[in-house]
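Read off the chains here:
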Amino acid sequence: MSLAQRIAWLLIAVIVTAAALASWIVPASYDRQFRDEIQAPPSKAHPLGTDELGRDRLSRLLHGTQVSLLLAPAAAFLATLLAALAGTLAGWRGGWLDHALESVCDLTMSLPWMFLLLTVRAALPLDVAPMTSVAITFFLLGALGWAGPARVVRAGARALRDSDYMLMARAQGYRGWRLPVWHLLPGLRPVLTAQFWTSVPLFILAEANLSLLGLGVVEPMPSWGGLLKEMESLPAIGRNPWILAPAVVLLMTLASLYVLMGAKEEEA
Amino acid sequence: MIRQFLLVAALALPVAGEGGGTLRLCLRSEPRSLHPLEAAEESSETVRYLTAGVLVRINRQTQRAEPELARSWKITDGGRRITFQLREGIQFSDGSPFGAQDVVYTFAELASDELRSPAADAFRTAPGRVSAKALSEASVTILLPAPVAGLERLFDAVAILPRAGRSLDRSVLGPFRISQHQPGSFILLERNPHYWKKDSSGRKLPYLDAVRLDIQQNREIEMLRFRRGEIHMINKLDPELFERLAAEEPGSAFNAGPSMEPEQMWFNQANGSPLPEYKRAWFGSRNFRNAISHSIRRQDLARIAFLGRAAAAAGPVSEANQYWFNRQLKPRQHDPKLAKRLLVSDGFRWQGSKLVDRGGHPVQFSIITNSGNKTRAKMAALIQQDLGEIGIDVRITPLDFPSLIERISRTFQYDACLLGLVNVDLDPNGQMNVWLSSSGNHQWNPNQKSPATAWEAEIDHLMRSQAATLDPERRKKHFDKVQRIVWEQEPFLYLVYKNALAAAAPSLRNFKPVAMFPQGFWNADQIVVSSTVAQSRR
């Protein structure tokens, strides 16, 4: 195991453990408002200071990590799964199915999703619990975010379909569903992995923007997306550089996962 | 002395032969209606103010009614009749002449039941219709069903329409007319070539060539655009952005002092709402509303959400409105013990730390507010924690503005709403459209055929009485009583009155912000964008 991989494992372990033990590490609840300590700088009581409502930033970061680390990859997984199904089928079968799936992809990508999301918001009850709202949001992101990756997967599948090793597989007598499942999909793994990891940060940021529609993570629940929104103001970052902490944790998480996934690919 | 005067004049006015530039600012939402008589929210009011001509204009600086399209007026029949002498030679923006028939047509439209104009409510002091009659081409008389005090001030909100058959968009009497409208993106107003006003040197107004209103919900982006020089003015600045701007560009941040605009919360009591019965019972209970009010720390809202640029509110009139404010009323103090007693008296009880009603339903409701307003989001979070302390589970749901308006005015699918109110006049008659139970802006239960409660009937009576009497002391007494009833019943939970904060680019000339709507551009026809300063700023 290389040094980079060891560091990556360590970072992931620290972040996951800290998120899991959030309530034990920071006794202050993520929604408790210390109203006499708003925008406080880091101190022993609040190692990352407090936000504009006096809430402990570290507590919010760790609880937000729980939410985002669980749900953003889940949404990315759903999108990648749908993309793998549609892209592989289109690329493998070709013909009318390819044309049809390509058209569906085009249509999906050109639809004004904002209006769909507004409709979803209108259909949901207003008093939906914060955690349910979060889950719905990430499900929607996953269910709507498959079309772009599907086109990439389709292109990969088409290239592999006519490759030498697929010819060899056919020559060995593989037929029907076994060919794409046992031979094509493993060949598409790098593409799918890349699509998965590209989707994770995109969904984290998309979640933050969805709060404008009344979807997404609602007060007082924290999420990386919501915490990253505090960085909209550059002067505020200059005055309170500790508000960069969520971005640092996000970057460390994604970089570590990228290193580890890269290592797995090499092993494969 | 003369040299100084010339210098000031040179700074204030565009050079002869040059235009006054294009003023750029943002609307926080798409206007709900561009019909000037239907304007009910801030974006629509903004377009109306900039495009419509009125018979009488309330000077936002002096608070006095001044002649506009009407040269003079005379009130007779004890306040039931007002006769206007119109200015002659005035043209609509399409070049067609303005005359008494246009005023007659406007009032016929205003009285129309189909239109349900919010501006009409102020004239409804008694059953009956408002009628207008042309006495000549330059004289018109308006007859009301009952006397109205401060009658002339009501005409500030009545946009004069062109008589039937002409385009509302192209035929306006205000300084600007709509030139382009991209829904959801921008509204471009161009100078009305036939605008009648001139400055003291005889130069035609407005100085500006155009006003571009970009629709921008996000205030951070609005501020970013201001700093980049893409917009010239932020009419209402959030306290946080104000503090930031004041620290970095002190010359661009303006604080016009306490405003007339409250931030308030109300519960849905609408007759046609799809709320379950038990929630209707909560929201309809005075004790429940008072308990919620006593659970909210207003001082914290002002200190934390508004960074001290606001004051706790007692009622529908700001302390800044010195004559009409009822000084006996004080903001409700945070008193959780009293709140609990009030709830117990209504049959509420606690299961563990959670509050439940007498039927065992957990007390949980959602508060909707407009998304993109950081200050309101902070207020909602503070209220959420305050109410959590007495066992109430509050869910906060920010919605885009059109969806929010749809819910509070059409579908009534909401529990509670947190929003601000725009007061356009100091006089109580300006609030008729809020207090009359028949009004569409009677937000907690609008458009009632007859008052749903005895206290709403009393408010109806008092508002009509104050409007119908010409004795200022009696009017004050009646309106004080209205404020007292509102304080007791709390159909609106008044939270804070915010300061009027604004931002203006150094390139703006004649920018004189005031506390009343439309704070920064009340004198839009005299504002100038100086191109030299604008370029150097970039």
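What you are looking at is a predicted structure, and each value in this text was computed from that prediction instead of being measured. (Residues numbered from 1 in each chain as written. Chains lettered and ligands numbered in written order. Predicted model: local features only at pLDDT ≥ 70, side-chain atom pairs only at ≥ 80, totals over all residues. Heavy atoms only, no water.)

**Re the overall build of chain A**
Part 1 of the reasoning: Looking only at helices and strands, chain A has twelve helices and zero strands in total.
Part 2 of the reasoning: Going from N to C terminus, chain A has its helices and strands arranged as α-α-α-α-α-α-α-α-α-α-α-α.
Part 3 of the reasoning: A burial count over chain A gives 48% of its 268 residues as buried.
Part 4 of the reasoning: Put simply, of all contacts in chain A between residues at least 6 apart along the chain, 70% involve residues at least 24 apart.
Part 5 of the reasoning: Working note: accessible area of chain A is about 13400 Å², and carbon and sulfur atoms make up 70% of it.
Part 6 of the reasoning: Of the charged side chains in chain A, 20 are positive and 19 negative; the average position of the first set lies 7 Å away from that of the second. (Helix = DSSP H or I, 4+ residues; strand = E, 2+ residues; numbered from the N terminus. Buried < 20%, exposed > 50% of the residue type's maximum accessible area, 1.4 Å probe, protein only. Contact = heavy atoms within 4.5 Å. Areas by Shrake-Rupley, 256 points an atom, 1.4 Å probe, with all protein chains shown as cover. Lys, Arg positive; Asp, Glu negative; His and termini not counted. Charge placed at Lys NZ, Arg CZ, Asp CG, Glu CD.)

**Looking at unusual backbone geometry**
As a rule of thumb, non-glycine residues mostly have phi less than zero, and peptide bonds are mostly trans rather than cis.
All names here are of chain B.
Part 1 of the reasoning: The omega torsion of the bond from Leu205 to Pro206 falls at -5 degrees, within 30 degrees of zero and hence cis.
Part 2 of the reasoning: Secondary-structure assignment places Pro206 in the loop between β9 (186-191) and β10 (210-215).
Part 3 of the reasoning: Residue Pro518 is bonded to the preceding Phe517 through a cis peptide linkage, with omega at -5 degrees.
Part 4 of the reasoning: Note on placement: Pro518 falls in the loop between β20 (508-509) and β21 (528-529).
Part 5 of the reasoning: Despite not being glycine, Asp77 shows a phi value in the positive range, around 55 degrees.
Part 6 of the reasoning: Note on placement: Asp77 falls in the loop between β4 (70-76) and β5 (81-86).
Part 7 of the reasoning: Exposure remark for Asp77: the relative accessible area of 45% places this residue in the partly exposed category.
Part 8 of the reasoning: Its identity as a non-glycine residue notwithstanding, Asn510 has a phi of 65 degrees, on the positive side.
Part 9 of the reasoning: Assignment of secondary structure puts Asn510 in the loop between β20 and β21.

**Considering the packing of aromatic side chains**
All names here are of chain B.
Part 1 of the reasoning: In the structure shown here, the tally under the stated rule is 28 aromatic pairs over all chains.
Part 2 of the reasoning: Both rings, one in Trp324 and one in Phe479, keep their centres 6.0 Å apart while their planes meet at 80 degrees; by these two values the pair is edge-to-face. Of this pair, Trp324 sits in the loop between β13 (310-312) and α10 (336-345) while Phe479 sits in helix α15 (residues 472-489), and the two are 155 residues apart along the sequence. The pair formed by Trp324 and Phe479 is uniform in burial state, with each residue classed as buried.
Part 3 of the reasoning: With 5.2 Å between their ring centres and 90 degrees between their planes, Trp444 and Phe492 make a pair best called edge-to-face. Of this pair, Trp444 sits in the loop between α13 (432-435) and α14 (454-468) while Phe492 sits in strand β19 (residues 492-504), and the two are 48 residues apart along the sequence.
Part 4 of the reasoning: The class for Trp444 is buried, based on a relative accessible area of 1%.
Part 5 of the reasoning: Judged by relative accessible area, Phe492 falls into the buried class, the value being 1%. (Phe/Tyr/Trp six-rings, centres within 6.5 Å; stacked < 30°, edge-to-face > 60°.)

**Describing the pattern of salt bridges**
Part 1 of the reasoning: Applying the stated criterion across every chain yields a total of 50 salt bridges over all chains.
Part 2 of the reasoning: The partner of Asp386(B) in a salt bridge is Arg35(A), and the shortest N-O contact between them spans 2.9 Å. Of this pair, Asp386(B) sits in helix α11 (residues 374-388) while Arg35(A) is found in the loop between α2 (22-25) and α3 (57-93), placing the two residues in two different chains.
Part 3 of the reasoning: Judged by its relative accessible area of 8%, Arg35(A) falls in the buried class.
Part 4 of the reasoning: Arg212(B) is the partner of Asp214(B) in a salt bridge, and the nearest nitrogen-oxygen pair spans 2.7 Å.
Part 5 of the reasoning: Taking the relative accessible area as the measure of exposure, Asp214(B) reaches 4% and is therefore buried.
Part 6 of the reasoning: Connected through shared salt-bridge partners, Arg35(A), Asp36(A), Arg297(B), Asp300(B), Arg303(B), Asp386(B) and Glu389(B) make up one network. (Salt bridge = Lys/Arg side-chain N within 4 Å of Asp/Glu carboxyl O.)

**As for the interface of chain B and chain A**
Part 1 of the reasoning: With 32 residues of chain B in contact, the opposing surface of chain A contributes 28 residues.
Part 2 of the reasoning: Between chain B and chain A lies a buried interface of about 2400 Å² when both sides are counted; carbon and sulfur atoms form 51% of it.
Part 3 of the reasoning: Applying the counting criterion to the chain B and chain A interface returns four salt bridges.
Part 4 of the reasoning: At the surface where chain B touches chain A, the tally comes to seven residue pairs in polar contact (both at pLDDT 80 or more).
Part 5 of the reasoning: Where the side of chain B that touches chain A is concerned, the elements lending two or more residues are α6 (239-248), α9 (298-305), β16 (364-370), α11, β17 (393-399) and α12 (401-411) of chain B. (Buried area = accessible area lost by both parts, 1.4 Å probe. Polar contact = N/O pair within 3.5 Å; in protein donor to acceptor, adjacent residues only side chain to side chain.)

**Looking at the packing of α3(A) against helix α7 (residues 147-161) of chain A**
Residues and elements named next belong to chain A.
Part 1 of the reasoning: Across the interface, α3 lies against α7 with an axial gap of 7 Å and an inter-helix angle of 35 degrees. Crossing geometry of α3 relative to α7 is assigned as right-handed. Residues Ala83, Ala84, Ala86, Gly87, Thr88, Ala90, Gly91, Trp92 and Arg93 of α3 pack against Pro149, Ala150, Val153, Arg154, Ala157, Arg158 and Arg161 of α7.
Part 2 of the reasoning: For the contact of α3 with α7, the class distribution of residues is nine nonpolar, three polar and four charged. (Axes fitted to C-alpha atoms, helices over the stretch in contact; angles between N-to-C directions. Left-handed = near helix turned anticlockwise from the far one by under 90°. Nonpolar A, V, L, I, M, F, W, Y, C, P; charged D, E, K, R; others polar.)

**Details of helix α4 (residues 95-110) of chain A**
Residues and elements named next belong to chain A.
Part 1 of the reasoning: A rise of 1.5 Å per residue sets the reference length of α4, with its 16 residues, at 22 Å; its end C-alpha atoms lie 23 Å apart and thus fit the reference within 8%.
Part 2 of the reasoning: Every buried residue belonging to α4 is among Leu97, Asp98, Leu101, Cys105 and Thr108, and all of these are buried. An end-on view of α4 places all buried positions within 100 degrees of arc, on one side of the element. For α4, the exposed residues set more than 90 degrees away from the buried face come down to Trp96, His99, Leu107 and Ser110. (Expected span 1.5 Å × (residues − 1). Arc of directions from axis to C-beta.)

**Examining the side chain of Asp98(A)**
Residue and element names in this part refer to chain A.
Part 1 of the reasoning: Examined against the element boundaries, Asp98 turns out to sit in helix α4.
Part 2 of the reasoning: What makes Asp98 buried here is its relative accessible area of 4%.
Part 3 of the reasoning: Here Arg158 takes part through its side chain, which lies 3.3 Å from a polar atom of the side chain of Asp98.
Part 4 of the reasoning: With residues up to four places along the chain from it excluded, the contact list for Asp98 reads Ala90, Arg154 and Arg158.

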